[in-house]
Each structure stands twice: as C-alpha cells, then as structure tokens.
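These are the residues of each chain, in order.
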Amino acid sequence: MSAAAGVEAAGVEKAAVLLSEARDVTLLAHVQPDADALGSTLALGIALRRRGATVRVSFGAPDHMPESLRPLDVLGLVVPAGEVPMAPELLVACDAAEPARLGVLADRLGGASRSVMIDHHRSNPGFGDVQVLDPTADATVVLVHEVLVAMGVEIDTDIARCLYAGLVTDTRSFRFAGPASHRLAAELVETGMDTEALVRPIMDEHPHAWFAALAGALQRCTLEPELGFVHTTVPLADVTRFRIEEVDSVIDVIRGATEAEVAAVLKEIGERRWSVSLRSKNAVDVAAVAGALGGGGHRAAAGFTWTGTSDDLLAAIRAELAKNAV
Ligand code: AMP
Ligand code: MN
Ligand code: MN
C-alpha cells in the first residue's frame with residue numbers, strides 16, 4: 001500500500017469513529033451542488049438519521065435543491081443555508097476542493113467543534129480535523145462508501161441511489177471510471193435500485209423550450225482550430241430562465257467537437273460576471289488553466305468564475321492554454 005493510500009485509510013477509520021459517535025451532524029456540499037456533492041452528503045445523512053442522529057444537509061448556494069436531485073433526499077434532510085447552526089457539533093464537508101467552495105457556509109468550519117473533510121480534488125490543500133482526501137478516487141461518493149463500510153452501515157437502495165448518482169455523473173457514465181468504480185457500481189445495482197429511472201432525469205431530460213436556447217448556444221459556438229479550442233456562451237436571460245441541468249448540459253455537447261481538445265462554456269451569471277466550465281479530452285490539464293484563473297477542478301473537468309468582458313475572459317483562457325500546450 002502506498003503512503004498516500006495509508007493516510008487515506010487512517011482518515012476513513014477516524015471519520016467512521018467520529019460519525020458513529022456523533023449525535024448531531026451537519027453535512028455540507030459545495031456551492032451549486034452536483035450529484036457527487038449531494039449524493040455524498042445525503043448517503044451519509046440517510047445512514048446517520050436511521051441510526052437516530054439529528055442530521056441536516058445544506059449548501060451555500062443556490063437557495064433551492066437542483067430539481068433532478070430532489071428524489072435523492074428521501075428523508076427530507078436538506079435545509080436552507082440560513083438554518084445551519086453557526087457552531088455545528090460535527091461538520092462534514094463533501095466534494096469541496098477548498099473551504100471557499102462552501103460559499104456562505106465556509107465560516108461554519110471555524111465554528112464547528114469537530115470537522116471532517118471528504119474529497120477527491122488534487123488541488124485540495126487539506127482542511128478539517130479529519131481528512132479523507134484521495135485524488136485517485138473517481139468521485140467523492142467512493143470515499144463516502146468506504147466510510148459507510150467502516151461504520152458497519154448496510155447499504156440499502158436509498159443510500160445506493162445517492163452513491164450511484166455521484167458515481168455515474170463524476171465518471172461521465174463510467175467512461176472515466178477505474179475497476180474499483182465498476183465494482184462499486186455492481187454492488188450498488190445489486191441492492192435492487194433502478195439505474196435508468198435514477199439517471200435519466202439527472203443526465204438526459206430537458207424541457208422542450210430549452211432546445212431553442214441550446215440551438216442559440218450551438219450557433220454561437222466558435223472553433224479556434226490552431227488552439228484546439230471550442231467555446232460558446234449562455235446569456236443571462238437563458239441562465240435565469242432555465243434550470244442548472246439545462247445550462248450545464250451545453251458543455252457536454254460542444255466538448256464533442258472533433259477538432260477541439262478543450263471546450264469552454266461561458267455562463268453569464270450577472271453584470272460582467274461569468275461562471276466558466278472547462279473540459280478537455282485528455283492532453284490538456286484544464287484544472288491548471290482554471291487554477292490559474294482563480295478556480296479549480298480535475299484534469300478533464302474544471303471551472304472558475306470571472307468578472308469582466310467575455311472577450312477578456314476568452315483572452316485569459318487562450319493565454320493559459322498557450323502556457324499549458326503539449
Ligand atoms: P462544472 O463545469 O461547473 O461542472 O465544474 C467542473 C469541475 O470544476 C467541478 O467538479 C469542480 O471540481 C470544479 N470547479 C468548478 N467551478 C469551480 C470554482 N469556481 N472553483 C473551484 N473549482 C471549481
Ligand atoms: Mn462536485
Ligand atoms: Mn466530485
């Protein structure tokens with residue numbers, strides 16, 4: 001076993017002990033939570049609630065649960081950020097690469113009596129009293145599963161659905177999944193969960209009205225062949241009108257451009273404010289690009305926020321791509 005894996009195994013044991021002893025647990029996902037962040041917090045939350053603990057799950061923004069992920073919260077554990085105590089007894093941060101990714105709830109880390117961090121981002125500097133940090137894990141739910149096993153929790157279909165949701169999305173339907181993730185998926189499916197019914201609303205379904213907006217984004221999609229770079233924008237009117245599920249699906253269309261190694265979607269979230277999604281096929285590390293521009297992420301999927309014009313934003317990405325060219 002490598003030294004890194006040993007550190008992680010110790011973290012898993014310590015996290016399992018803290019969680020097993022806790023009477024009151026606050027589980028936090030990163031802002032704009034995805035299926036990995038909410039699947040992780042809700043899987044732990046369901047297990048702890050069933051053992052009798054007081055449990056709340058929350059995230060700093062937005063002020064509502066992403067619609068397609070609501071079915072994961074079978075026990076109604078999600079509470080608004082404003083209802084998270086200032087000094088939680090035990091705080092658990094899931095899938096957050098740094099405290100700032102907890103948004104307005106980042107200050108609860110300092111106030112917590114004890115804290116556990118569970119994450120798989122390489123850029124994570126390490127935070128919290130107990131750390132379960134493994135950049136080789138395909139998703140945070142993989143690490144949460146290890147903690148649940150160490151706690152002796154029986155994985156029922158409700159917990160399996162939460163874990164599977166994080167696994168299938170973070171691995172892009174298992175294309176970025178190693179053998180361990182495929183094995184875990186088999187174990188989860190064996191609980192009797194319906195994978196298609198779970199995944200379709202999360203990954204495939206959009207309201208018909210979205211297609212016109214998607215057509216606009218595809219019409220604006222620009223290829224810069226010399227950089228192997230493809231990009232488009234989603235204007236504020238569309239970001240406001242449609243769900244995050246629609247807006248965040250654009251990157252998965254344009255990343256397929258044969259000529260491009262890197263894809264970017266510039267989502268307008270306010271006056272001169274942009275939330276940017278970056279994807280790469282393999283050769284370019286977009287986490288390095290996003291990191292240089294104030295964000296972070298993984299080698300093949302990263303993001304950052306930006307203030308300024310879209311022209312300046314694109315120029316900044318081009319400059320970083322030139323530096324990271326292979
Ligand atoms: P997204 O394009 O929003 O799906 O983000 C892709 C990945 O990039 C996420 O899984 C996060 O790990 C990371 N990421 C996105 N936005 C940020 C940000 N503002 N700061 C740090 N990491 C980010
Ligand atoms: Mn995430
Ligand atoms: Mn993740």
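Cut-offs applied
Once a new chain begins, its residue numbering starts again from 1 and follows that chain's sequence as written. Chains and ligands are labelled by the order in which they are written, letters from A for the one and numbers from 1 for the other. In view of the model being predicted, local features appear only for residues whose pLDDT reaches at least 70, and side-chain atom pairs are presented and counted only at 80 or more, with totals across whole chains, interfaces and linings using the full set of residues. Water and hydrogen atoms were dropped before computing side-chain values, which therefore reflect all heavy atoms in the structure. For helices, the fitted axis covers only the stretch in contact; all axes are lines through C-alpha atoms, and the angles between them, taken along N-to-C directions, range from 0 to 180 degrees. Strands are runs of DSSP state E lasting at least 2 residues, helices are runs of H or I lasting at least 4, and numbering of each runs from the N terminus. The labels follow the angle: roughly parallel below 35 degrees, roughly antiparallel above 145, roughly perpendicular from 65 to 115, and oblique for the rest. Working rule for handedness: look at the near helix, and if it is turned counterclockwise from the far one by less than a right angle, call the crossing left-handed; if clockwise, right-handed. In what follows, residue pairs with any heavy atoms lying within 4.5 Å of each other are defined as contacts. Any two strands with at least two DSSP bridges between them are considered paired. Residue exposure (1.4 Å probe, protein chains only): buried if accessible area is under 20% of the type maximum, exposed if over 50%, otherwise partly exposed. For Na, K and Ca the donor cut-off is 3.2 Å, and for all other metals it is 2.8 Å, counting N, O and S atoms only; because water is absent from this set, sites may look incomplete. All amino acids are sorted into three groups, where Ala, Val, Leu, Ile, Met, Phe, Trp, Tyr, Cys and Pro are nonpolar, Asp, Glu, Lys and Arg are charged, and the leftover types, Gly among them, are polar.

A.B. asks: Even after reading the chapter, I still don't get the packing of helix α2 (residues 35–50) against helix α5 (residues 157–170), so can you show me in this structure?
C.D. replies: What describes two packed helices is the angle between their axes and the distance between those same axes. Two elements in contact, α2 and α5, have axes whose closest approach is 8 Å; the angle formed by their N-to-C orientations is 165°. Taken together, α2 and α5 sit at an angle that is classed as roughly antiparallel. Pair α2 / α5 crosses with left-handed handedness. Contacts between α2 and α5 pair A35, D36, G39, L42, A43, I46, A47 and R50 from the former with D158, I159, C162, L163, A165, G166, T169 and D170 from the latter.

A.B. asks: Could you clarify how one ought to interpret the sheet that holds strand β11 (residues 301–307) in this entry?
C.D. replies: Hydrogen bonds between backbone atoms are what pair the strands of a sheet, whose relative direction is either parallel or antiparallel. Overall, mixed pairing links the six strands, which are arranged β6-β7-β8-β9-β11-β10 in an open sheet. The open sheet terminates on both sides in strands that have one partner only, identified here as β6 (222–224) and β10 (296–297). The pairing of strand β7 (residues 229–234) with strand β8 (residues 262–270) spans six bridges and is classified as parallel. Looking across to β8, one finds that V230 is bridged to A263. Taken strand by strand, helix α13 (residues 310–323) contacts β6, β7, β8, β9 (273–280) and β11, and its axis lies near 155° from that of β7.

A.B. asks: What's the story with the side chain of S115 in this structure? I'm lost.
C.D. replies: Along the polypeptide, S115 turns up in strand β4 (residues 114–119). Residue classification places S115 among the buried positions, given a relative accessible area of 5%. Apart from residues lying up to four places away in sequence, S115 is in contact with L90, L91, L109, G128, D129 and V130.

A.B. asks: Is there a simple way to explain the coordination of the manganese ion (ligand 3) in this structure?
C.D. replies: Each donor-metal-donor angle would ideally measure 109.5 degrees in four-coordinate tetrahedral geometry, or 90 or 180 degrees in six-coordinate octahedral geometry. Around the manganese ion (ligand 3), the protein supplies D36 (OD), D95 (OD), H120 (NE2) and D170 (OD) as donor atoms, at distances of 2.1 to 2.4 Å. All donor residues of the manganese ion (ligand 3) come from one chain, and their arrangement in sequence is D-x58-D-x24-H-x49-D. Between the manganese ion (ligand 3) and the manganese ion (ligand 2), a separation of 3.8 Å is found, and both are coordinated by D95. With H120 in the loop between β4 and β5 (130–133) and D170 in helix α5, this residue pair connects regions lying 50 residues apart in the sequence.

A.B. asks: Is there a simple way to think about the coordination of the manganese ion (ligand 2) in this case?
C.D. replies: Taken together, the protein ligands of the manganese ion (ligand 2) are H30 (NE2), D34 (OD) and D95 (OD), with distances of 2.1 to 2.3 Å. With relative accessibility at 2%, the residue D95 sits in the buried group.

A.B. asks: I keep staring at the packing of helix α4 (residues 140–150) against α5 and nothing clicks. Help me out?
C.D. replies: Running from N to C, α4 and α5 cross one another at 150°; their axes reach a closest spacing of 9 Å. Of the possible angle classes, the one that applies to α4 and α5 is roughly antiparallel. Contacts from V141, V142, V144, H145 and L148 in α4 reach I159, C162, L163, G166 and L167 in α5. A per-class count over the contact of α4 with α5 returns eight nonpolar, two polar and no charged.

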